[in-house]
Amino acid sequence: LQSKNLKLVFVTGGPGSGKGTQCAKIVEHFGFEHLSAGDLLRVEQNSGNETGNMIKGMIKEGKLVPSEMTVKLILKAISKSSNNKFLIDGFPRNDENREVWDRVAGLSPEFILFIIGSEEEMQKRVLSRNEGRDDDNLETIHKRFKLFNEHTLPVVKHYESIATVHKINGMQSIEDVFSEIRPLFDPIVQ
Ligand code: UP5
Ligand code: MG
């Protein structure tokens, strides 16, 4: 992987902040490949085996699946792609995720994109999404917010001391959010 001249961007933000929505626009404009850790896990949860059931249970409870598993899925997706530019959406989410990533993948991001939003608006968005996700209910959303505040924010803080973290106001229209994001990618795609 080290030889592929990879460009990675970590995309973070609370549940419903618009990570997936903005990643789709970055893909369209800049030719990145979008790897959502949550999406990769949701594919895996349907495998019908014991691991799948374990993942399903954890997502439903708003808990994090073991870091090794998530890292393995992300690296597998990177390896089998012919692209070299990746958006890693929704990862790392806690310090252990980050530590395992550094140890196993050893790949640093170009920068971290942090989409900021209010819980009130994010909750409204998630509850009206209607994609049949097991974790889009009031009880699980509150657990997801708690995990984000207690474990993901400290990881973002950590990155602020060692990398570039671009903070974006996610509480605007989809187009307006993207107009803040767009200039960040121009220099890294040339
Ligand atoms: N929407 C988006 N932008 C809007 C805007 N500007 N104005 C109005 N509406 C907007 O957006 C959510 C909804 O809002 C959509 O309907 C959209 O149209 C609308 P979306 O772009 O989907 O938001 P996103 O930030 O992607 O929200 P998501 O719910 O996917 O974030 P989560 O971080 O909660 O979910 P994720 O899929 O990343 O993870 C799910 C679970 O997987 C975790 O809780 C955990 O259990 C597990 N997981 C791990 O264990 N480890 C990992 O590393 C990753 C996940
Ligand atoms: Mg998402």
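Going by the structure above, here's the rest.
Rules used throughout
- Residues numbered from 1 in each chain as written.
- Chains lettered and ligands numbered in written order.
- Predicted model: local features only at pLDDT ≥ 70, side-chain atom pairs only at ≥ 80, totals over all residues.
- Helix = DSSP H or I, 4+ residues; strand = E, 2+ residues; numbered from the N terminus.
- Expected span 1.5 Å × (residues − 1).
- Buried ≥ 20, exposed ≤ 12 C-beta atoms within 10 Å, placed from the backbone.
- Arc of directions from axis to C-beta.
- Contact = placed C-beta atoms within 7 Å.
- Pairing = 2+ DSSP bridges.
- Axes fitted to C-alpha atoms, helices over the stretch in contact; angles between N-to-C directions.
- Parallel < 35°, antiparallel > 145°, perpendicular 65-115°, else oblique.
- Left-handed = near helix turned anticlockwise from the far one by under 90°.
- Nonpolar A, V, L, I, M, F, W, Y, C, P; charged D, E, K, R; others polar.
- Near = placed C-beta within 6 Å.
- Core = buried A, V, L, I, M, F, W, Y, C linked by C-beta atoms within 7 Å.

## Comments concerning helix α1 (residues 19-30)
Note that an α-helix has 3.6 residues per turn; residues three or four places apart therefore point the same way.
Argument step 1. When the terminal C-alpha atoms of α1 are compared, their 16 Å separation across 12 residues agrees well with the 16 Å that a helix rising 1.5 Å per residue should span.
Argument step 2. Restricting attention to buried positions, one finds in α1 the residues K19, Q22, C23 and I26. Along α1, the residues classed as buried sweep out an arc of 105° about the axis, all on the same side.
Argument step 3. Packed against the buried residues of α1 are β1 (7-13), β2 (33-36), β3 (85-89), β4 (111-116) and α8 (174-189).
Argument step 4. Downstream of α1 by one or two residues, G31 has phi in the positive range, about 70°.

## A word on the pairing of β4
Argument step 1. Relative to β4, β1 is paired through 5 bridges, and the arrangement is parallel. Bridge pairing links G13 to I115 in β4.
Argument step 2. Taken together, the 5 bridges between β4 and strand β5 (residues 165-169) define a ladder with parallel strand orientation. Opposite I112, over in β5, you have V165 as the bridge partner.

## What to know about the packing of α1 against α8
Argument step 1. Following both chains from N to C, one finds α1 and α8 inclined at 45°, their axes separated by 10 Å at the closest point. As judged from the angle between their axes, α1 and α8 are oblique. Judged by the twist between their axes, the crossing of α1 over α8 is right-handed. For the pair α1 and α8, contact is made by T21, Q22, K25, I26, H29 and F30 and by I174, V177, F178, I181, R182, F185 and V189, respectively.
Argument step 2. Split by residue class, the contact of α1 with α8 holds 8 nonpolar, 3 polar and 2 charged.

## Structural notes on the site of ligand 1
Argument step 1. Not every one of the 31 residues close to ligand 1 is listed here, only the nearest: P15, G18, G38, G90 and R125.
Argument step 2. Mapped onto the shell around ligand 1, the elements with two or more residues apiece are α1, α2 (37-45), α3 (50-60), α6 (119-127) and α8.
Argument step 3. Of the residues contributing to the shell around ligand 1, the split by class is 11 nonpolar, 13 polar and 7 charged.

## Points about the nonpolar core
Argument step 1. I74, L87, I88 and L113 are the most contacted members of the largest nonpolar core, which has 34 residues in total.
Argument step 2. Every residue in contact with I74, bar those within four places of it in the chain, is listed here: L35, A37, L40, I88 and F91.

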